[in-house]
Amino acid sequence: MDSQVCSNRWVRVRYRLFDAQGEAIETGEREWTYLHGGYGSVFPGIERVLEGAQAGESRSVRLEPIDAFGEYDASLVQLAPRRRFPPALERGMSFEGVPGEADDGRIHIVTDFTDDTVVLDANHPLAGMALRFDLQVLDVREATPEEIDDELRRADAESDDEADDEADDEADDEPDDRADPAQRDGDDDAR
């Protein structure tokens, strides 16, 4: 059996992750398995560098922020009232959405807090960073038609979720003429 990385083959990879200065971001090596061929479960730059590699072969790739976890977006940092959070709050804790608000589908990480306010960041922890992946192909095998169909369904479902999130974001940016005028002006105490 041919052990070359190409479309519709499962690839098992061992990797190490470094920042732009060559400092390890994670200790030790990690492994993951993905279906090669643009199914969205691995960065396209990693797929490009692994295309044609054989089991046992090692390669390295540097990804700019836009090709990895995106640029850092300051608009994803927000303040929330401390009273909405558990008493045993710590920096680094994560929440699905902001407590007391509609779920936005993001993971928010506590970066700081006072007695009154919590600072939350919904950026990926590696957003804004150029990354280097040192990769070793451990195993390559042909995917079955069923596995390919399953992966296509998963990719379609994720694509639909992302489209819904984008539509929600666009709707959030449009003024709501039905909203309470005091709320539009930012005066929550005027009610």
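Residues numbered from 1 in each chain as written. Predicted model: local features only at pLDDT ≥ 70, side-chain atom pairs only at ≥ 80, totals over all residues. Heavy atoms only, no water.

1. Looking at the overall build of the protein chain
Now for step 1: Along the backbone of the protein chain there are 3 helices and 8 strands.
Now for step 2: When each of the 191 residues of the protein chain is scored for burial, the buried share is 29%.
Now for step 3: Within the protein chain, contacts between residues at least 6 apart in sequence are counted, and of these 61% link residues at least 24 apart.
Now for step 4: Only carbon and sulfur atoms are counted for the fraction: they give 45% of the accessible area of the protein chain, which is about 12,100 Å². (Helix = DSSP H or I, 4+ residues; strand = E, 2+ residues; numbered from the N terminus. Buried < 20%, exposed > 50% of the residue type's maximum accessible area, 1.4 Å probe, protein only. Contact = heavy atoms within 4.5 Å. Areas by Shrake-Rupley, 256 points an atom, 1.4 Å probe, with all protein chains shown as cover.)

2. A few points about the confidence of the model for the protein chain
Now for step 1: Per-residue confidence for the protein chain gives a mean pLDDT of 86; residues scoring 70 or more make up 83%.
Now for step 2: Every residue in residues 173-191 is under pLDDT 50, and counting partners more than four places away or in other chains gives 8 contacts. (pLDDT = per-residue confidence, 0-100.)

3. Some points on the sheet that holds strand β3 (residues 58-63)
Now for step 1: With antiparallel pairing, the 4 strands of this open sheet are ordered in space as β2-β1-β8-β3. Every other strand in the sheet has two partners, leaving β2 (30-36) and β3 as the edge strands with one partner each. Across the sheet, the mean angle separating the axes of adjacent strands is 35° when strand polarity is ignored. (Pairing = 2+ DSSP bridges. Axes fitted to C-alpha atoms, helices over the stretch in contact; angles between N-to-C directions.)

4. Re the sheet that holds strand β6 (residues 107-113)
Now for step 1: Ordered by their spatial adjacency, 4 strands build an open sheet running β4-β7-β6-β5, and the pairing between neighbours is antiparallel. Each of the sheet's edge strands pairs with one partner strand only, and the pair in question is β4 (77-81) and β5 (94-96). Sheet twist, expressed as the average angle between the axes of neighbouring strands with direction ignored, equals 40°.
Now for step 2: Sheet topology note: the β5/β6 ladder contains 3 bridges and is antiparallel. Each residue of the ladder has a partner; that of S94, found in β6, is I109.

5. Quick look at unusual backbone geometry
Now for step 1: For N8, which is not glycine, the phi torsion reads 65° and is therefore positive.
Now for step 2: Counting through the fold element by element, N8 comes out in the segment before β1 (9-19).
Now for step 3: For N8, a relative accessible area of 24% translates into the label partly exposed.

6. So, the nonpolar core
Now for step 1: V5, W32, Y34, I46, L50, F133 and L135 are the most contacted members of the largest nonpolar core, which has 22 residues in total.
Now for step 2: The element contributing the most residues to this core is strand β8 (residues 131-142), with 5 residues.
Now for step 3: Leaving out residues up to four positions away in the same chain, L135 has contacts with V13, R14, Y15, W32, I46, V49, L50, E57, S58, R59 and V61. (Core = buried A, V, L, I, M, F, W, Y, C linked by side-chain atoms within 4.5 Å.)

7. Some details on the packing of aromatic side chains
To describe a pair of aromatic rings, you give the distance between the ring centres and the angle between the ring planes.
Now for step 1: Scanning all chains against the criterion turns up 6 aromatic pairs.
Now for step 2: Each ring, one from F43 and one from F69, has its centre 5.0 Å from the other, and the planes form 90°; the classification is edge-to-face. With F43 in the loop between β2 and α1 (44-50) and F69 in the loop between β3 and β4, this residue pair connects regions lying 26 residues apart in the sequence.
Now for step 3: F69 sits in the partly exposed class, given a relative accessible area of 29%. (Phe/Tyr/Trp six-rings, centres within 6.5 Å; stacked < 30°, edge-to-face > 60°.)

8. Notes on the pattern of salt bridges
Now for step 1: Summed over all chains, the structure comprises 13 salt bridges.
Now for step 2: Across the pair R14 and E31 runs a salt bridge, and its minimum N-O distance is 3.3 Å. Of the two residues, R14 is situated in strand β1 and E31 in strand β2; the sequence distance between them amounts to 17 residues.
Now for step 3: When its relative accessible area of 43% is taken as the criterion, E31 is described as partly exposed.
Now for step 4: A salt bridge links R59 to E57, with the nearest nitrogen and oxygen atoms 2.8 Å apart.
Now for step 5: Overall, R59 belongs to the partly exposed group, its relative accessible area being 24%.
Now for step 6: Within the structure, one salt-bridge network assembled from shared partners comprises R12, R14, E29 and E31. (Salt bridge = Lys/Arg side-chain N within 4 Å of Asp/Glu carboxyl O.)

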